[in-house]
Amino acid sequence: MKIYKLFISLIMVLSLCGCTSKSVTTQEMTQSDSPEKGDLTVIGFSQLGAESDWRSSNTQSMKTTFTEENGYRLIFEDGQQKQANQIMAIRKFIQQEVDYIVLAPVTETGWDTVLREAKDANIPVIIVDRMVDVKDDSLYECWIGSDFKLEGMKMCQWLNDYCKKKGIRGSDLRIVDLQGNIGATAQIGRTRGLSESARKFGWKVLEYVPADFTQTKGREVMKTLLRKYDDINVVYCENDNEALGAIEAIEEAGKVAGPNIRAGEIMVLSFDGINEDARQYVIDNKISCIAECNPLHGPRVKGIIEKLEKGQEPPKLSYVGEDIYAHDKAVESIRVDSIEYPITVLQTK
Ligand code: AHR
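Okay, so let's go over this structure.

A few words on the pairing of strand E2 (residues 72-78). As judged from the seven bridges shared by strand E1 (residues 41-47) and E2, these two strands associate in the parallel manner. Bridging across to E2, Gly44 finds its partner in Ile75. Viewed along the sheet, the connection from E1 through helix H3 (residues 53-65) into E2 turns out right-handed.

In structure tokens form, the structure reads like this:
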């Protein structure tokens, strides 16, 4: 356990005994008790799984940031998509008396008890990527990640503007949504982005089906939907791996993944933009638009920890800025909530 944490515990014991009346700020403590040279800051990282290329990049970003050369020891636990595993990992980190816990939660709810245990053990918790839905937000220090609903709204605004430019009527759209795993912030935000936009623009969403953010499930769900409906003309995939699976299913069914709303062709929309194949598909015009979701949170979390070590207070919620990639040049920028977002066109030079 690091010196300043021992100091915190000592102050707590003294306050409980009534031996001190002064409340001591973290700043005062870290100034006088900075960790010894060579002392590594121990981070327990509970990653939710390895379902997508986004997730692999996210894990990689954490592993290459929290290295011994940078002054850290990273204890990595893969939750394999199960909240119970993540709860177990957090309890293990508490027993190991790590300096910080970083949690990438699989779903939003069900964290109150274990986060209370971490708080009682004086271990700051940083939430990364998806959010937690807890009654008391003092159970975690701060959160950093994407505005998932905004990503969905941006995608839908692009679709609306694209249809206008191409003379496509919104009422002609027949959309299916391959959702992420239900209850994950990325799923909740992106699904809401679509359902609210569909109401606003008068689009028909044939079905919302979970596809768990994986390529295998994306392919399987799209196959089933193609058997059920013969008029799907847009597939809204809640990540790139689902999009790759959906394209396989579209092509296996003898249809084309492409930008036109016409029989036999299906427009593919997606999220993330980290997967090389998916970006290539935008260049090839098989995926029409990707709303970026940036996974490179390692250096951002490190910045937060550095602030906390100096006794500074990081913002409770930090949203990362993200791009939109499209093949077609017709839409140069979109507006969502009066903010203008430029479109990055991906084509072969
Ligand atoms: O929470 C972020 C989402 O989770 C990414 O969009 C997806 O690819 C990942 O699995």
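We now examine the side chain of Asp99. For Asp99, the position within the fold is in the loop between helix H4 (83-95) and strand E3 (100-103). Within polar-contact distance, the side chain of Asp99 engages the backbone nitrogen of Val42 at 2.7 Å.

A few words now on the site of the ligand. Around the ligand sit Glu51, Ser52, Trp54, Arg55, Asp129, Arg130, Phe148, Ala186, Arg190, Phe213, Asn239 and Asp272, and that is every residue in its neighbourhood. Within the side chain of Ser52, one N or O atom sits 2.9 Å away from an oxygen atom of the ligand. Contact between the ligand and Asp272: an oxygen atom at 2.6 Å from a side-chain N or O atom of the residue. Relative to its free-state accessible area of 280 Å², the ligand is covered by the protein chains to the extent of 100%.

Inspection of every chain in the model, using the stated rule, returns six aromatic pairs. Where Phe66 meets Tyr72, the ring centres are 4.8 Å apart and the plane angle is 90°; that geometry is what we call edge-to-face. Judged on exposure class, the residue Phe66 and its partner Tyr72 are both buried. Over the ring of Phe76 we find Lys63; its NZ or CZ atom is 4.4 Å from the centre of that ring. Between the NZ or CZ atom of Arg279 and the centre of the ring of Tyr325, over which it lies, the distance is 4.7 Å.

Before going further, it helps to spend a moment on the packing of helix H9 (residues 240-252) against helix H10 (residues 276-283). Contact pair H9 / H10: the axes reach a minimum separation of 9 Å and the direction vectors enclose 60°. The angle between H9 and H10 falls in the class oblique. Crossing hand, H9 versus H10: left-handed. Between H9 and H10, the residues in contact are Asp240, Leu244 and Ile247 and Asp277, Ala278 and Tyr281, respectively. When the residues that make up the contact of H9 with H10 are grouped by side-chain class, the tally is four nonpolar, no polar and two charged.

The rules behind these values
Residues numbered from 1 in each chain as written. Predicted model: local features only at pLDDT ≥ 70, side-chain atom pairs only at ≥ 80, totals over all residues. Heavy atoms only, no water. Pairing = 2+ DSSP bridges. Helix = DSSP H or I, 4+ residues; strand = E, 2+ residues; numbered from the N terminus. Right-handed = clockwise from strand over helix to strand, strands pointing away. Polar contact = N/O pair within 3.5 Å; in protein donor to acceptor, adjacent residues only side chain to side chain. Near = heavy atom within 4 Å. Areas by Shrake-Rupley, 256 points an atom, 1.4 Å probe, with all protein chains shown as cover. Phe/Tyr/Trp six-rings, centres within 6.5 Å; stacked < 30°, edge-to-face > 60°. Buried < 20%, exposed > 50% of the residue type's maximum accessible area, 1.4 Å probe, protein only. Lys NZ or Arg CZ within 6 Å of the ring centre and 35° of its normal. Axes fitted to C-alpha atoms, helices over the stretch in contact; angles between N-to-C directions. Parallel < 35°, antiparallel > 145°, perpendicular 65-115°, else oblique. Left-handed = near helix turned anticlockwise from the far one by under 90°. Contact = heavy atoms within 4.5 Å. Nonpolar A, V, L, I, M, F, W, Y, C, P; charged D, E, K, R; others polar.

Geometric descriptors of this kind do not, in isolation, establish any biological role.
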